[in-house]
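One-letter residues, chain by chain:
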Amino acid sequence: GAVVSQHPSRVICKSGTSVKIECRSLDFQATTMFWYRQFPKQSLMLMATSNEGSKATYEQGVEKDKFLINHASLTLSTLTVTSAHPEDSSFYICSASQMPSYNEQFFGPGTRLTVL
Amino acid sequence: GEDVEQSLFLSVREGDSSVINCTYTDSSSTYLYWYKQEPGAGLQLLTYIFSNMDMKQDQRLTVLLNKKDKHLSLRIADTQTGDSAIYFCAESRNDYKLSFGAGTTVTVRA
């Protein structure tokens, strides 16, 4: 149980286009989902926290207009990278937690974004 | 994670024990975690320990927590080639957000 999927696993896009990444909890209801960014050989940096039905909370330094997060249902959150540029190229990972075990986050397999 | 620090690399011979160390700064941490990441993949939760515990053992994994020194370690007994990966230490506080260390790359040599 507690499986989280991400789609797509890899995406290559041209500079200036927008890219949507989906995060789904397959066998549980995720009241909270987290979006992380990981640079090569570095740690995960939390970008934002999203709760179902409410606006996402962004970490300091993360542009909310650049990284649009929607958590419309208890099983799906989406991250849209708008007007992507090469510096947005990264590995994006989502995680999901379910009530009442907020202490455990289940991670998706990640999405590799390359912006040309 | 500037709040969580780990050594970056560890090389160990197959069959030996691996010990990965981590230090954290936030004394209000409630849970401390060890995650494993294989190349190109997401994170797999290996184990976690509540902050009021000193030790937790789960098959080949032993977690030791020294709350006074804010030091966490993960010992992997009988290390196998499949244990080669990056291991992340993480802490969470009352807001449930995770703060990660930079990760320790473990290489298991034959």
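The rules we used
- Residues numbered from 1 in each chain as written.
- Chains lettered and ligands numbered in written order.
- Predicted model: local features only at pLDDT ≥ 70, side-chain atom pairs only at ≥ 80, totals over all residues.
- Heavy atoms only, no water.
- Helix = DSSP H or I, 4+ residues; strand = E, 2+ residues; numbered from the N terminus.
- Rg over C-alpha atoms; globule rule 2.2 N^0.38 Å.
- Contact = heavy atoms within 4.5 Å.
- Areas by Shrake-Rupley, 256 points an atom, 1.4 Å probe, with all protein chains shown as cover.
- Lys, Arg positive; Asp, Glu negative; His and termini not counted.
- Charge placed at Lys NZ, Arg CZ, Asp CG, Glu CD.
- Buried < 20%, exposed > 50% of the residue type's maximum accessible area, 1.4 Å probe, protein only.
- Pairing = 2+ DSSP bridges.
- Axes fitted to C-alpha atoms, helices over the stretch in contact; angles between N-to-C directions.

Draft legend 1. Spatial organisation of the overall build of chain A. Secondary structure summary: chain A contains zero helices and 11 strands in total. The N-to-C order of helical and strand elements in chain A reads β-β-β-β-β-β-β-β-β-β-β. Taking 2.2 N^0.38 as the reference for a compact globule, 116 residues should give roughly 13 Å; the C-alpha atoms of chain A span a radius of gyration of 13 Å, in line with that estimate. Considering only C-alpha atoms, chain A reaches an extent of 40 × 25 × 25 Å along its principal axes. In chain A, the share of contacts with a sequence separation of at least 24, taken over all contacts with a separation of at least 6, comes to 55%. When the accessible surface of chain A is totalled, it reaches about 5700 Å², and 52% of it is carbon and sulfur. When the 10 positive and 9 negative side-chain charges of chain A are each reduced to one mean point, those points stand 8 Å apart.

Draft legend 2. Inspection of the overall build of chain B at higher detail. In terms of regular secondary structure, chain B is built from zero helices and 11 strands. A compact globule built from 110 residues would reach a C-alpha radius of gyration of about 13 Å, and chain B, at 13 Å, matches this within 12%. For chain B, with 110 residues in total, the buried portion stands at 43%. Counted over contacts in chain B with a minimum sequence separation of 6, partners at least 24 positions apart contribute 54%.

Draft legend 3. Focus on unusual backbone geometry. Residue Pro8 of chain A is reached from His7 of chain A by a cis peptide bond, and omega for that bond is 0 degrees. By secondary structure assignment, the location of Pro8 of chain A is in the loop between β1 (4-7) and β2 (10-13). Positive phi outside glycine occurs at Lys70 of chain B, with the angle close to 55 degrees. As for its placement among the helices and strands, Lys70 of chain B is situated in the loop between β7 (61-66) and β8 (71-76). We note that Asp78 of chain B has phi near 50 degrees; this positive angle belongs to a residue other than glycine. You can see Asp78 of chain B is positioned in the loop between β8 and β9 (85-92). What makes Asp78 of chain B partly exposed here is its relative accessible area of 40%.

Draft legend 4. Molecular detail of the sheet that holds β7 of chain B. All names here are of chain B. Strand order in the open sheet formed by five strands is β1-β3-β8-β7-β6, and the pairing between neighbours is antiparallel. A single partner strand is all that each edge strand has here, and the edge strands are β1 (4-6) and β6 (55-58). For this sheet the average axis-to-axis angle between neighbouring strands, irrespective of direction, equals 15 degrees.

Draft legend 5. Broad picture of the environment of Ser90 of chain A. All names here are of chain A. Take Ser90: it is sitting in strand β9 (residues 90-97). According to the relative accessible area criterion, Ser90 is buried, its value standing at 2%. Sequence separation of Ser90 and Tyr58 is 32 residues, and the distance between their C-alpha atoms is 18 Å. Beyond its immediate stretch of four places on either side in the chain, Ser90 contacts Arg37, Gln38, Phe39, Thr111, Arg112 and Leu113.

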